[in-house]
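Listed below, chain by chain, are the residues.
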Amino acid sequence: MFKNNNFIERSIKGALIFLKQAVFADEYALKKGFLQSLDPRIKAATFFLFILQALFIKNLFVLSCLYLLSLSLACFSRISPGFFIWRTWVFIPLFSLFIAIPALFSNFSPGETMVSFKVGALSLFITRQGIAGALLFVVRVAVSVSFTVLLSITTRHFELLRVLRIFKIPQIFVMTLGMCYRYVFLFVEIIENTYLAIKSRAGTNIHYKKGQRIVAWNIAYLWQRSYKLNEEVYKAMLSRGYKGDTFMLDELKFKARDWFWLVFVLSISVIFLATGVKI
Amino acid sequence: MAEETVFRLEDVYFSYLGRYPALCGISLDIKRGEKISVIGANGCGKSSLLHILDGLIFPDSGKISLCSKELKEDAFEDMAFSSDFRKKVGFVFQNSEVQLFCPTVKEDIVFGPLQMGKVKTEIKRRLDELAFVLNIEELLERSPHQLSIGEKRKVAIASVLIIDPEVIIMDEPTAGLDPLTTRHIIDLLTEASRSGKTIITATHDLHIVEEISDTVYVVSREKKIVGSGSPERILADTQLLKENNLVHIHSHKHRDATHAHPHLHIDHHH
Ligand SMILES: Nc1ncnc2c1ncn2[C@@H]1O[C@H](COP(=O)(O)OP(=O)(O)OP(=O)(O)O)[C@@H](O)[C@H]1O
Ligand SMILES: [Mg+2]
C-alpha cells in the first residue's frame, strides 16, 4: 500500500500551504471560543497527538470519530463549519486524491476484483482492498489537515512560534520562521504597492512585453531590497541589544481548563488507539 | 555640569562598499547633556553619521570614541562592552519599517529592555507610561507592520525611549508625524534633555531645530561639515541654508512684477 513517508510528506506539504493561507488572518484567533482560550502549548501538543493517532489508526470508524471531533471543536471555537469544511475539503484532499486514485487499481493494490475495465491494451481492476485503502487514506489526510488548520487559525502566529521555541526547536529556526512571516507580508505589500504605482503612472493598459519587463525588473529589485532590509533589520536588532536569544514579557500560565482538556484528550486517545490500531 | 565629551569623531571617512562615499572627513565633539542636530540635503550622509555613532558601521579611516574608548568592530565582540554600549546609546532609525521586527507592537517595545535583562515589573510600568504619552495604547496587540507610517514611527520611538539610554540618537524623528504628535515628541526630548541626556537628531525640519538643539551642524553634499553653531546663527545664515537645499527661493507675482525671496520654513508670515 502507501508508504507512510509519502503520506507524511503530502500531509506536511498540505499543512504548510494551509499555514500560509491562515497566517495573515488573525480574525479567528481573536474570537472568544474554546480552542482560542486554551494554552497554546497544550493545544499544540494535543493536536500533535491527534495527528499522530491518525497515522496509526487503521479503523475507518475510529478515524471518522476523530474527524467529527475536529468538526465539533471548530463549532465550539466559533468557526463557521462551512468555512472550515470548505477550507479542509476543497483544497488539500484534492492533492491526496491524485495519489489515492492510482491505488484503487490492482496494479498497485492487489486483491479481490470489484470492477474491471480496459484502457487500450491495459486491463484495469479496481480491488476492494484498493477502495478501502484509498478511503482510509483520504480520511487520514482529512483528519491531519483539519487539526492543522484548526490549530493555525485559532492561534496567533507569534504564539505558534513561541510554542516551537518551548518545544526546543532551535532558536535560529524559529527566528527565521518569524522573519519569513514578516517578509512574506512585506513582499505581498511591496508587490501590491508596485502594482498600484504602475497603474497610477501607466494605467492598466500596459503592453504585454513592457509588463513582462516591469515584472522581471521588480523581481530582481525585490531580492535586492530584501537583502538590504535584512541587513538593516539586523542592525536594528543589534542597536537594541540583541544577543541571540529572545525573552518574553508575559510568561504563559496553565489554567484549570487546560488540564481538563489534556485529561480528556489523553483518555479518548487511549480509547481510539485501543480500538483503532488492530484492524 | 562638567564639560565631559561623550562622542569624539576625528577625521572620519566612510564609504559604502568602498565605492559610494558617505562621510568625508567629519570631526566633531559631543558633550554630555548637549542637544545636537545635524541638517543637510538628501544623501549628504546624516544617516550614515548616526549609524557610526551607534556603532553599527565603522569608519574606513579616522577615529570615533565614546567616553574616550575607541569604537571599533572588534570592541563590540566583547559582550560586556557591547551590552553596556547598547544600554547607553539608543537609536531611532529613519525607516521605522526596519526597526520593528517583533510580532506585536508590545513585544517590539519591550524587546530592548528584555534583552538587557531589566526587571519585568519595571519594564511593564515604563511600557504603560510611554504608550500613554505617545497615545499608542490601542496599538499594543497589533502587528507593527500593519500600522501607518506615523504609528510605526511612534512605536519605534517608544522602543528606544523605554531603554532609557543616556544618549538618544534620532534619525528624522518627526518626519511624517502630525503637528500634535510632533509636539509630544519634542516635549519628550526636551524633558529627557532636562534630565541630563545627550540628544542627537538628524532632520530636515527647520521648525524643530531651534527647540531640539544647542548646536547645529550643517553637512554639505561633499559629505563634510560646512557650518556649525547655535541654531539662531545657523538659521539666520540663508546663504548656507540655500546652498544645502534647506530653504528654497519663493517666487510669486505681485501684480506685474515678479518678486523673489528665500522661503524659510521656520517662519510663516505669508
Ligand atoms: N546601503 C548603501 N549602499 C550604498 N550607498 C549608500 C547606502 N546607504 C547610503 N548610501 C549613500 O551614502 C550617501 C549618504 O547617505 P545617507 O543615507 O547617510 O544620507 P542622508 O543624509 O541620511 O539622506 P536623507 O536625507 O535622504 O535621509 C548617499 O550618497 C547614499 O547614496
Ligand atoms: Mg537619512
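Structure first, text after, so check above.
Residues numbered from 1 in each chain as written. Chains lettered and ligands numbered in written order. Predicted model: local features only at pLDDT ≥ 70, side-chain atom pairs only at ≥ 80, totals over all residues. Heavy atoms only, no water.

Chemist: Would you mind going over the sheet that holds strand E4 (residues 61-66) of chain B in detail, with residue names and values included?
Modeler: Residue and element names in this part refer to chain B. Spatially, 4 strands are ordered E2-E1-E4-E5 in an open sheet, and the strand pairing comes out antiparallel. Each end of this open sheet is capped by a strand with a single partner; those strands are strand E2 (20-31) and strand E5 (69-70). Note that E4 and E5 share 2 bridges and pair antiparallel. From the neighbouring strand, Leu 66 faces E5, where its bridge partner is Lys 69. (Pairing = 2+ DSSP bridges. Helix = DSSP H or I, 4+ residues; strand = E, 2+ residues; numbered from the N terminus.)

Chemist: Break down the site of ligand 1 for me, citing the residues and quoting the values.
Modeler: B:Gly43, B:Lys46, B:Ser47, B:Ser48 and B:Gln94 are the nearest of the 17 residues found near ligand 1. The environment around ligand 1 is built from residues contributed by chains A and B. B:Lys46 places a polar side-chain atom, nitrogen or oxygen, 2.7 Å from an oxygen atom of ligand 1. For ligand 1, an oxygen atom lies 2.6 Å from a polar atom in the side chain of B:Ser47. A breakdown of the residues in the shell around ligand 1 according to their chemical character gives 6 nonpolar, 7 polar and 4 charged. (Near = heavy atom within 4 Å. Polar contact = N/O pair within 3.5 Å; in protein donor to acceptor, adjacent residues only side chain to side chain. Nonpolar A, V, L, I, M, F, W, Y, C, P; charged D, E, K, R; others polar.)

Chemist: Tell me about the pattern of salt bridges, residues and numbers included.
Modeler: Residue and element names in this part refer to chain B. Per the counting criterion, the structure on display carries 15 salt bridges over all chains. In this structure, Lys 197 engages Asp 164 in a salt bridge whose closest nitrogen and oxygen atoms are separated by 3.2 Å. On the criterion of sequence distance, the pair formed by Lys 197 in the loop between helix H7 (179-194) and strand E8 (198-202) and Asp 164 in the loop between helix H6 (149-161) and strand E7 (167-171) is long-range, its members being 33 residues apart. In this structure, the salt-bridge partner of Arg 183 is Glu 211, at a minimum N-O distance of 2.8 Å. In this pair, Arg 183 is assigned in helix H7 and Glu 211 in helix H8 (residues 206-212), connecting sequence segments 28 residues apart. You can call Arg 183 partly exposed: its relative accessible area is 35%. Residue Glu 211 is classed as partly exposed on the basis of its relative accessible area, which comes to 33%. (Salt bridge = Lys/Arg side-chain N within 4 Å of Asp/Glu carboxyl O. Buried < 20%, exposed > 50% of the residue type's maximum accessible area, 1.4 Å probe, protein only.)

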